[in-house]
Amino acid sequence: MLGSAPGAVPDATRARPERFPRPALLGFRHVTNSAAAEMAKKYGLSRMGARPPLGRYLAEAWRRRYFAITLSRYTVEAGDSDSRLGSLWVIVRPFLSAVIYGLLFGVILGPDRPHNFVPHLLVGVTTFEFFAKCFDQGAKSITGNQSLVTSLAFPRILLPISAVLRNIFELWPMWVVLVLALLAFQQWPSWNWLLVIPMLGLMTLLNTGLALISARLTVHFRDLSQIIPFINRLLFYGSGIFFTLQSVTKNQTLIHLFQINPVYDFVEAMHSFLLPGYEPLTQWEWTALIGWSVLLPVIGLLFFWSAEERYGRVE
Amino acid sequence: MSSSERRPVVIVDDVHVRYKVYATGRRVGRRVGRFERGIKEVHALRGVSFTVYEGENIGVIGHNGSGKSTLLRTVAGFTPASEGAVYATSQPSLLGVGSALLPRLDGHKNINLGALALGMTPAEAEASYDYIAEFSGLKEHLSYPMRTYSSGMSARLKFSIAMAKAHQILLVDEALAVGDKAFRDRSEKRIRELREEAGTTFLVSHSMQSILDTCDRAIWIDHGELRLDGDPQTVVDAYEASTADL
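**Thoughts on the overall build of chain B**
Then step 1. Counting secondary structure elements, chain B contains seven helices and nine strands.
Then step 2. A total of 246 residues make up chain B; the buried ones form 53% of that total.
Then step 3. Taking the contacts inside chain B whose residues are at least 6 apart along the sequence as the reference set, 71% of them involve residues at least 24 apart.
Then step 4. When the accessible surface of chain B is totalled, it reaches about 10800 Å², and 50% of it is carbon and sulfur.

Structure follows, in structure tokens:
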């Protein structure tokens, strides 16, 4: 309004705004003082740290995708730079744990263990490793990068996404080694082996959703990052990595409950594509697998985005 | 347009910042059942309001822990205000002396990453690499991981990265206090250039001399409240008078 006296821009103070409302489950509403807000509007100022609408948020994240890609590439490079074997550990670690579980459960389970035990175990551990690491590193992606968050402005979603990207970069060497190991155990390739690739694509969706959810939850409850290894442990034992469900129970309700766990379904799918003698997934299992993989990223995105203003808080 | 119609660039409107900290050195977890007691609320900013107009260079002074850095982080939108709001014409850039970007990575990679994080395209980041390396004066150290850098060195590198981009609103948090004489001169020169390019600057400093040299308005933050706002000489005098009492 040009009618107002020159220089008489109202000082944006006085009238106290309402108390900042408690955070809603999904979002944070912002209550503003009308005098200051009006003046800001008049001169084209926008509120700092405000969460942009979802569309603009995603567009901005896409524009800055190279930051996420570079961050994840560098994190892979730096990841094991302190140790002698360096990035070889990416491959060695899962196989070392496979050896330990193989020895342990091979002995404990005795004749109850699945036939073809070592390939069964290797496929399961490799599949699970991708999931567990995305979950764990996704949860730490905001709290562990506090100095990036408090000194640079970028859509925070790039951090959990870069945690998932990092694991995609580490994925292929692990799978190459798995294929070599399967060949060594005389598991001969079939066209079905190629189905692993779309399965890993679906799993990436699932993992991204989970990384987004856990990244935000860890901001609210820091202790979550201490609990996640235990959740992972639980899922590991519940995902048919060293047993087949049918050998454990005949109770159909219990079996169906197990099959709601998408990690179990992914492990089973990999088993059925890579190894002979496995039943294909049931319709129930496919529904759970695809359902989670589509639902979680959508929920994760909304859940993460709605707290965008929170992430810079230093606590 | 008459010169008296001044355009606001930043409006800080009754900003409060509260956050929770785990107080005392005691481990919170030990007091099972009563652990909430270990958490204390810090009221870092208590209703700060002011309006900054185009071309102004604001000096922010106050004792340690008075809320100066919190104020800058809130203006930049990184630390959310618990009450009130900050409005600005464009995203302010904050130059702080915080920790390294990614301490395990070497300087080259941190430069590249920092430039991308500022919103540059890979090509732009590539193009500004030489400028950043040159400006930081750390060329022979850039192949070492940043965790081996001294705090002065890593602040210099961060400062140089941020300097590679033009900013309309620049927030400088004691960056001038770091680095050696040559680097300080270079930074002051660059800040003056940036100011001529359009900008508005905020400078947080404990050096009254650099406030008087570079600012045309000063704000004194005391225990999270705005104590005085005005001409730098007046504000600095009042501040120094109050500290002399101690």
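What follows picks up the thread again.
**Focus: the overall build of chain A**
Then step 1. Looking only at helices and strands, chain A has 14 helices and one strand in total.
Then step 2. Residue burial in chain A is summarised as follows: out of 315 residues, 52% are buried.
Then step 3. Accessible surface computed for chain A: about 15700 Å², of which carbon and sulfur atoms make up 67%.

**Some thoughts on the pairing of strand β4 (residues 83-88) of chain B**
Then step 1. In terms of burial, β4(B) is largely enclosed, as six of its six residues are buried.
Then step 2. Here two bridges tie strand β1 (residues 46-47) of chain A to β4(B), and the two strands are oriented antiparallel to one another. Residue pairing across strands places A:Ser46 opposite B:Ala88, the latter belonging to β4(B).

**Structural notes on a nonpolar patch on the surface**
Residues and elements named next belong to chain A.
Then step 1. On the surface, a cluster of nonpolar side chains totalling about 640 Å² of accessible area is made up of Trp172, Val176, Val179, Leu180, Leu183 and Trp188.
Then step 2. On the secondary structure map, Trp188 appears in the loop between α8 (171-184) and α9 (196-220).
Then step 3. For Trp188, a relative accessible area of 59% puts it in the exposed group.

**Some details on the pattern of salt bridges**
Residues and elements named next belong to chain B.
Then step 1. Across all of its chains, the model carries 13 salt bridges over all chains by this definition.
Then step 2. With a closest N to O distance of 3.9 Å, Glu41 and Arg18 form a salt bridge. With a gap of 23 residues between them, Glu41 in strand β2 (residues 39-53) and Arg18 in strand β1 (residues 8-22) connect regions that are remote in the sequence.
Then step 3. A salt bridge links Arg217 to Asp229; its shortest N-O distance comes to 2.8 Å.

**Observations concerning the packing of helix α7 (residues 158-169) of chain A against α9(A)**
Residues and elements named next belong to chain A.
Then step 1. Where α7 contacts α9, the axes come no closer than 9 Å and their chain directions differ by 140°. One way to sum up the angle between α7 and α9 is to call them oblique. Pair α7 / α9 crosses with right-handed handedness. Touching Pro160, Val164 and Ile168 of α7 are Thr204, Asn207, Thr208, Ala211, Leu212 and Ala215, all from α9.
Then step 2. For the contact of α7 with α9, the class distribution of residues is six nonpolar, three polar and no charged.

**Side note on the sheet that holds strand β9 (residues 225-230) of chain B**
Residues and elements named next belong to chain B.
Then step 1. The strand order β5-β6-β7-β3-β8-β9 describes an open sheet built from six strands, whose pairing is mixed. Every interior strand has two partners, whereas the edge strands, β5 (93-95) and β9, have only one. Across this sheet, the average inter-strand angle for adjacent strands is 20°, counted without regard to direction.
Then step 2. As paired elements, strand β8 (residues 217-222) and β9 share five bridges and run antiparallel to each other. Bridging across to β9, Ile221 finds its partner in Leu226.
Then step 3. Where helix α7 (residues 232-244) meets the sheet, its contacts fall on β3 (57-61), β8 and β9, and the angle it forms with β8 comes to roughly 30°.

**Details of the confidence of the model for chain B**
Then step 1. When pLDDT is averaged along chain B, the result is 81; 85% of the residues meet or exceed 70.
Then step 2. Scored below 50 in pLDDT, residues 26-35 of chain B makes four contacts in the model with residues more than four places away or belonging to other chains.

**Notes on the environment of A:Thr244**
Residues and elements named next belong to chain A.
Then step 1. By the element assignment, Thr244 lies in the loop between α10 (224-237) and α11 (245-248).
Then step 2. Each C-alpha atom, one on Thr244 and one on Tyr278, is 9.9 Å from the other, the two residues being 34 residues apart in sequence.
Then step 3. In this structure Thr244 touches Pro114 and His120, once residues within four positions along its chain are discounted.

**Concerning the pairing of β3(B)**
Residues and elements named next belong to chain B.
Then step 1. The element β3 is extensively covered by neighbouring structure, given that five of its five residues are classed as buried.
Then step 2. Here β3 shows a buried face lined by Asn57, Gly59 and Ile61 and a second buried face lined by Ile58 and Val60.
Then step 3. Relative to strand β7 (residues 200-204), β3 runs parallel, the two being bridged by four bridges. Bridging across to β7, Val60 finds its partner in Val204.
Then step 4. Of the pairings in the sheet, the one linking β3 to β8 comprises four bridges and is parallel in character. Across the sheet, the residue bridging to Gly59 is Ala218, located in β8.

**Examining helix α2 (residues 107-117) of chain B**
Since the α-helix advances by 3.6 residues per turn, residues separated by three or four positions end up pointing in the same direction.
Residue and element names in this part refer to chain B.
Then step 1. In terms of residue burial, α2 counts as a mostly covered element, since eight of its eleven residues are buried.
Then step 2. Within α2, the full set of buried residues consists of Gly107, Asn110, Ile111, Leu113, Gly114, Ala115, Leu116 and Ala117.
Then step 3. At the N-terminal boundary of α2, the capping side chain belongs to Asp106, with an oxygen 3.2 Å from the backbone nitrogen of His108.

**Overview of the packing of helix α5 (residues 117-139) of chain A against α10(A)**
All names here are of chain A.
Then step 1. Where α5 meets α10, the closest approach of the two axes is 10 Å, and the angle between their N-to-C directions is 160°. In terms of their interaxial angle, α5 and α10 are classed as roughly antiparallel. Note on packing geometry: the crossing formed by α5 with α10 is right-handed. Two secondary-structure elements touch here, α5 through Val125, Phe128, Phe131, Ala132, Phe135, Asp136 and Ala139 and α10 through Ile228, Pro229, Ile231, Asn232, Leu235 and Phe236.
Then step 2. For the contact of α5 with α10, the per-class residue count stands at eleven nonpolar, one polar and one charged.

**Remarks on the environment of B:Arg147**
Then step 1. Structurally, B:Arg147 is set in the loop between α3 (122-136) and α4 (151-163).
Then step 2. Expressed as a C-alpha distance, the spacing of B:Arg147 and B:Leu102, which sit 45 residues apart in the sequence, is 8.2 Å.

**Remarks on unusual backbone geometry**
Residue and element names in this part refer to chain A.
Then step 1. Not every positive phi belongs to a glycine, and Gln186 is a case in point at roughly 60°.
Then step 2. Topologically, Gln186 is positioned in the loop between α8 and α9.
Then step 3. What makes Gln186 exposed here is its relative accessible area of 57%.

How each quantity is defined
- Residues numbered from 1 in each chain as written.
- Chains lettered and ligands numbered in written order.
- Predicted model: local features only at pLDDT ≥ 70, side-chain atom pairs only at ≥ 80, totals over all residues.
- Heavy atoms only, no water.
- Helix = DSSP H or I, 4+ residues; strand = E, 2+ residues; numbered from the N terminus.
- Buried < 20%, exposed > 50% of the residue type's maximum accessible area, 1.4 Å probe, protein only.
- Contact = heavy atoms within 4.5 Å.
- Areas by Shrake-Rupley, 256 points an atom, 1.4 Å probe, with all protein chains shown as cover.
- Pairing = 2+ DSSP bridges.
- Patch = residues over 30% accessible without salt bridge, like charges linked within 9 Å, V, L, I, M, F, W, Y side chains within 5 Å.
- Salt bridge = Lys/Arg side-chain N within 4 Å of Asp/Glu carboxyl O.
- Axes fitted to C-alpha atoms, helices over the stretch in contact; angles between N-to-C directions.
- Parallel < 35°, antiparallel > 145°, perpendicular 65-115°, else oblique.
- Left-handed = near helix turned anticlockwise from the far one by under 90°.
- Nonpolar A, V, L, I, M, F, W, Y, C, P; charged D, E, K, R; others polar.
- pLDDT = per-residue confidence, 0-100.
- Polar contact = N/O pair within 3.5 Å; in protein donor to acceptor, adjacent residues only side chain to side chain.

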